[in-house]
Every structure is written in structure tokens, then in C-alpha cells.
Amino acid sequence: MNIKKAEIVISAVKPQQYPKGDLPEIALAGRSNVGKSSFINKMIHRKNLARTSSKPGKTQTLNFYLINDQFYFVDVPGYGYAKVSKKEREAWGKMIETYLTTRIQLKAVVLLVDVRHPPTKDDIMMYEFLKYYKMPTIVVATKADKVPKGKWSKHVKIIKKALHLHPNDEFILFSAETGYGKEEAWNVLLKSMS
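Calculation rules
- Residues numbered from 1 in each chain as written.
- Predicted model: local features only at pLDDT ≥ 70, side-chain atom pairs only at ≥ 80, totals over all residues.
- Heavy atoms only, no water.
- Helix = DSSP H or I, 4+ residues; strand = E, 2+ residues; numbered from the N terminus.
- Buried < 20%, exposed > 50% of the residue type's maximum accessible area, 1.4 Å probe, protein only.
- Pairing = 2+ DSSP bridges.
- Axes fitted to C-alpha atoms, helices over the stretch in contact; angles between N-to-C directions.
- Contact = heavy atoms within 4.5 Å.
- Parallel < 35°, antiparallel > 145°, perpendicular 65-115°, else oblique.
- Nonpolar A, V, L, I, M, F, W, Y, C, P; charged D, E, K, R; others polar.
- Salt bridge = Lys/Arg side-chain N within 4 Å of Asp/Glu carboxyl O.
- Left-handed = near helix turned anticlockwise from the far one by under 90°.
- Phe/Tyr/Trp six-rings, centres within 6.5 Å; stacked < 30°, edge-to-face > 60°.

1. What about the environment of Pro118?
Part 1: Mapped onto the secondary structure, Pro118 falls in the loop between β5 (106–114) and α3 (121–132).
Part 2: Classification of Pro118 as exposed rests on a relative accessible area of 54%.
Part 3: A C-alpha to C-alpha distance of 7.2 Å links Pro118 and Ala162, two positions 44 residues apart in sequence.

Structure, rendered in C-alpha cells:
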């Protein structure tokens, strides 16, 4: 995929603020610190269009990134971060749920998990939520460069088993450091938008 143009268009908290038009959208979900911003930046060949932060829980809005004027990546606030009040967490939950369940432009959700660890309770809940609403889901296991190649299949097996990965859902091993899995990710994303 040749990326000529990528820009953040809007940070939205309610449906009235979502971009107009009918361009397809791919949402990116995952817990804080799983590497969503790094995934976006690697996919579009930019150093820091999506702000990576050492402070988890920074994304508090739905961030719409317009790519090549053809589709949007939508970065959803990370979940599972403790330093946020319960009230704030509930507000985010509502905002995310509204977007995921009502947006007709949404073609697929990329659920990012950290390949080094078994999926958290929140990861499993998120995956079950997506399955309940019959969302096309692509599971991307990030930080592959942090695990020795010989242990990849063991880690992948643990994740698939914990999530009860649906046979129709794609699973991609990914590294924002090395670019491993990037081509495969583009193929799967483009297919989901066609």
C-alpha cells in the first residue's frame, strides 16, 4: 500500500462530530500501551502522526485519521488503564460502544493484543463484545520483535485459545519495530474494505 497522504481529521466524542461522507473506516482497539499508535505510524510510514505516549490512557477521544483520502483509521481510547476514574472509564465505554455499534461506515475492528502476554480480562471482554455484535475482527498481536522467533507459535496458540478465536477472524503477528506483518496487515485490511 503506497501511502501518499495521512492526516488526523478530527478527535470526536459524539456521533455529531464523526466525519461526514461514506468512506470506509477501520477501528483500532486494544488496551493502553499495546502499541496502537505505533501500529498506525508503521502502517502509514510516518514517525509520529499518531502520538505515542509513555503515559498510557492518553487517547481519550475517537481519533479519525484520513488515509490517502480513501478511508479512515479510527483510534479508539485504550482500555484497562487503572489511573482513570470509574466515571471517566464509563464515559469512554459508552463513547466506544456507541461508535462501534452504530457506525455504518465501520468495516472491521483491529483488536491489538501484546504477543508477550496472555490476553487480559479486558481483551477477552472486548473480543466477546465484537463477536456479540458480529463485527468483522482482525486480531493483531503486537511486539513480535520482543519474543524469540522460536517461541512465536507457542505465544500465538495461547492468545487464540484464550480469546476462543473465531475461525473466520484473521490473526496477524506484527512488529512496529521491524515491520514484520505489515504487508499481511494491509492485505487483510484492504480486503475487509472492498
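Picking up where we left off.
2. Description of the sheet that holds strand β3 (residues 62–67)
Part 1: An order of β1-β3-β4-β2-β5-β6-β7 is seen for the 7 strands of this open sheet, with the pairing classed as mixed. Where the open sheet ends on each side, the last strands, each with one partner, are β1 (6–12) and β7 (170–173). Within the sheet, the average angular offset between the axes of one strand and its neighbour, ignoring direction, is 25°.
Part 2: In this sheet, β3 lies alongside β1 in antiparallel orientation, the contact comprising 6 bridges. Counted as the bridge partner of Ala12 is Leu62 from β3.
Part 3: Sheet strands touched by helix α4 (residues 152–163): β5, β6 (137–142) and β7. Its angle to β7, the strand with the most contacts, is close to 145°.

3. Observations regarding the packing of helix α1 (residues 36–43) against helix α5 (residues 182–193)
Part 1: Running from N to C, α1 and α5 cross one another at 90°; their axes reach a closest spacing of 11 Å. Looking at the two axes, α1 sits roughly perpendicular to α5. Residues Phe39, Lys42 and Met43 of α1 form the contact with α5, whose own contacting residues are Lys182, Ala185, Trp186 and Leu189.
Part 2: The residue inventory of the contact of α1 with α5, partitioned by class, reads 5 nonpolar, no polar and 2 charged.

4. Comments concerning the pattern of salt bridges
Part 1: The full count for this structure, using the stated rule, is 9 salt bridges.
Part 2: The shortest N-O distance in the salt bridge between Glu7 and Lys5 comes to 3.7 Å.
Part 3: Lys5 gets classed as partly exposed once you look at its relative accessible area, which sits at 35%.
Part 4: Here Glu25 and Arg103 are joined by a salt bridge, their closest N and O atoms 2.7 Å apart. Taken as a pair, Glu25 in strand β2 (residues 25–30) and Arg103 in the loop between α2 (86–102) and β5 lie far apart in primary sequence, 78 residues in all. No difference in accessibility class separates Glu25 from Arg103, as the two residues are buried.

5. Details of the packing of α2 against α3
Part 1: Look at α2 against α3: their axes get within 11 Å of each other, and the N-to-C directions meet at 35°. Seen from above, α2 lies across α3 with right-handed handedness. Of α3, the residues touching α2 (which contributes Ile96, Glu97, Leu100 and Thr101) are Met126, Phe129 and Leu130.
Part 2: Residue composition of the contact of α2 with α3, grouped by class: 5 nonpolar, 1 polar and 1 charged.

6. Regarding the packing of aromatic side chains
Part 1: Tallied over the entire structure, the rule returns 11 aromatic pairs.
Part 2: Centre to centre, the rings of Tyr18 and Phe64 are 5.7 Å apart; their planes meet at 45°, and the pair counts as tilted. Taken together, the residues Tyr18 in the loop between β1 and β2 and Phe64 in strand β3 connect sequence positions 46 residues apart.
Part 3: Ring centres of Phe71 and Phe73 lie 5.5 Å apart, and the angle between their planes is 85°; this geometry places the pair in the edge-to-face category. The two residues Phe71 and Phe73 agree in class, both being buried.

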